[in-house]
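Coordinates in review
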Amino acid sequence: MIIGLQKSLLSLSEYECLSLIFSIIDRVRPGGRVIVPANTYEYLSYKKEGAELLLQIKGLHIEQPLMRRKGYVIGISQ
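Residues numbered from 1 in each chain as written. Predicted model: local features only at pLDDT ≥ 70, side-chain atom pairs only at ≥ 80, totals over all residues. Heavy atoms only, no water.

Let us look at the overall build of the chain. Summing up its helical and strand segments, the chain has four helices and three strands in all. N-terminal to C-terminal, the α/β element order of the chain is α-α-β-α-α-β-β. Of the contacts formed within the chain by residues at least 6 apart in sequence, a portion of 61% connects residues at least 24 apart. Of the roughly 5,200 Å² of accessible surface on the chain, 54% is carried by carbon and sulfur atoms. (Helix = DSSP H or I, 4+ residues; strand = E, 2+ residues; numbered from the N terminus. Contact = heavy atoms within 4.5 Å. Areas by Shrake-Rupley, 256 points an atom, 1.4 Å probe, with all protein chains shown as cover.)

Here you go:
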């Protein structure tokens, strides 16, 4: 699942943004991946580190993107 919400996040408060991201992550099945591109995590207070923390809070394992795919945070549901 790719979380690409850059235009949707512009008018939301930080709380609403996090709530939306959590609700999307909850839909991922075991073994599924969540990909958060840079244009989405740039709207979070802590940027890339914040996106990684959100995925870890929801129990996803953080995976390093391939060298040609920098600018993404990838989490794998277990």
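The rest of the description comes next.
Turning our eyes to something else, we now look at the sheet that holds strand 1 (residues 33–37). Spatial strand order, 1-3-2: three strands in an open sheet with antiparallel pairing. The outermost strands of the open sheet, each flanked by one partner alone, are strand 1 and strand 2 (61–63). Averaged over all adjacent pairs, the angle separating strand axes in this sheet is 30°, with direction ignored. One ladder, built from three bridges, connects strand 2 with strand 3 (residues 72–76); its direction is antiparallel. For Ile-62, the partnering residue across the bridge sits in strand 3 and is Gly-75. Of the strands in this sheet, strand 1, strand 2 and strand 3 are in contact with helix 4 (residues 47–57), which crosses strand 3 at around 10°. (Pairing = 2+ DSSP bridges. Axes fitted to C-alpha atoms, helices over the stretch in contact; angles between N-to-C directions.)

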